[in-house]
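Below, each chain spelled out in residue letters.
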Amino acid sequence: MKKFDADAMGEKLLRRLAGGTSRRSMLSRLGAALVAAPAFPLLPVSRAEAAKPDRSPEAKTAFARTAQSKDETKCDYWRYCAIDGALCTCCGGGIHSCPAGSEPSPVSWVGTCINPDDGKAYLIAYRDCCGKPACGQCGCDNTDRETQLYMPQLNNDVIWCFGTSSMEYHCSTAVLVGAAS
C-alpha cells in the first residue's frame with residue numbers, strides 16, 4: 001500500500017490547474033468577480049424581517065423615549081423631534097400655520113417622529129415662517145435623526161426662507177405629512 005503523499009497530490013493538482021488556465025484568464029475571472037461583487041447585496045433574498053421597523057423602547061432615540069403629545073408649546077412635543085428654531089405655537093401661529101404677517105417658505109426639511117400615543121412613526125415637514133423679525137420664544141434645537149448638511153432636506157441648520165418676499169426668519173411649523181410606514 002502506497003503512503004498518502006500530500007505534496008505529490010498538491011503538485012499534481014496545481015500542475016493540472018496551471019496547464020488548463022493562463023494568467024490572462026485568471027486576471028479576467030478576478031476582474032469579473034470584482035465588478036460583480038457590489039451587486040451581491042441586490043440579489044433577491046428574504047428581507048421581510050429587515051423591512052419591519054424596530055420601535056422597541058431600546059431602539060427609540062432619546063427624544064422619542066421622552067416625547068409627549070399634550071402640550072404643543074413645549075420642545076418635547078412628539079412632532080418636534082427634528083425642529084430647530086422658535087415654535088410658531090408660541091408666536092401667534094399654530095403647529096401647522098404661520099402667524100399673521102408672516103409667510104411659509106415654499107421649501108421644508110423633513111423628520112420622522114414617533115407618536116407616543118400609538119407608537120407609530122410619522123413623516124413631519126418642518127417649514128419656516130418668514131417675513132417678520134425673529135419671535136425669540138420657545139426656542140428648540142432638536143436634532144433627532146438629523147443628517148449632515150450634504151443632505152439639506154434632512155438638516156435643520158438651514159434658514160429655509162428661500163422664495164419668500166423676505167429672508168427674515170420668524171418661527172417654524174411642524175406639518176404632519178402622513179404615516180412613515
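Residues numbered from 1 in each chain as written. Predicted model: local features only at pLDDT ≥ 70, side-chain atom pairs only at ≥ 80, totals over all residues. Heavy atoms only, no water.

- If you look the protein chain up in an unreviewed UniProt entry, it shows as Methylamine dehydrogenase (amicyanin) from Sphingobium scionense.
- Comment text from UniProt for the protein chain, heading Pathway (unreviewed entry), reads "One-carbon metabolism; methylamine degradation; formaldehyde from methylamine: step 1/1."
- Under Catalytic activity (unreviewed entry), UniProt gives the following word-for-word description of the protein chain: "2 oxidized [amicyanin] + methylamine + H2O = 2 reduced [amicyanin] + formaldehyde + NH4(+) + 2 H(+)". (UniProt positions renumbered as here; feature names shortened; annotations may be inferred.)

1. With respect to the pattern of salt bridges
- Counted under the stated rule, the structure contains one salt bridge.
- Of the charged contacts in the structure, one is a salt bridge between Arg-15 and Glu-11, with a shortest N-O distance of 3.1 Å. Here Glu-11 and Arg-15 lie together in helix 1 (residues 6-20), a separation of four residues that amounts to about one turn.
- When its relative accessible area of 60% is taken as the criterion, Arg-15 is described as exposed.
- Of the residues examined, Glu-11 reaches a relative accessible area of 42% and is grouped as partly exposed. (Salt bridge = Lys/Arg side-chain N within 4 Å of Asp/Glu carboxyl O. Helix = DSSP H or I, 4+ residues; strand = E, 2+ residues; numbered from the N terminus. Buried < 20%, exposed > 50% of the residue type's maximum accessible area, 1.4 Å probe, protein only.)

2. What about the side chain of Ser-172?
- With respect to the helices and strands, Ser-172 occurs in strand 6 (residues 169-179).
- Its relative accessible area of 2% is what places Ser-172 among the buried residues.
- Polar side-chain contacts of Ser-172 include one of 2.8 Å to the side chain of Asp-128. (Polar contact = N/O pair within 3.5 Å; in protein donor to acceptor, adjacent residues only side chain to side chain.)

3. Some points on the confidence of the model for the protein chain
- Averaged over all residues, the pLDDT of the protein chain is 81; the fraction at 70 or higher stands at 78%.
- Of all secondary-structure elements in the protein chain, the lowest mean pLDDT belongs to helix 3 (residues 48-51), at 52, while strand 2 (residues 103-104) reaches the highest, 94. (pLDDT = per-residue confidence, 0-100.)

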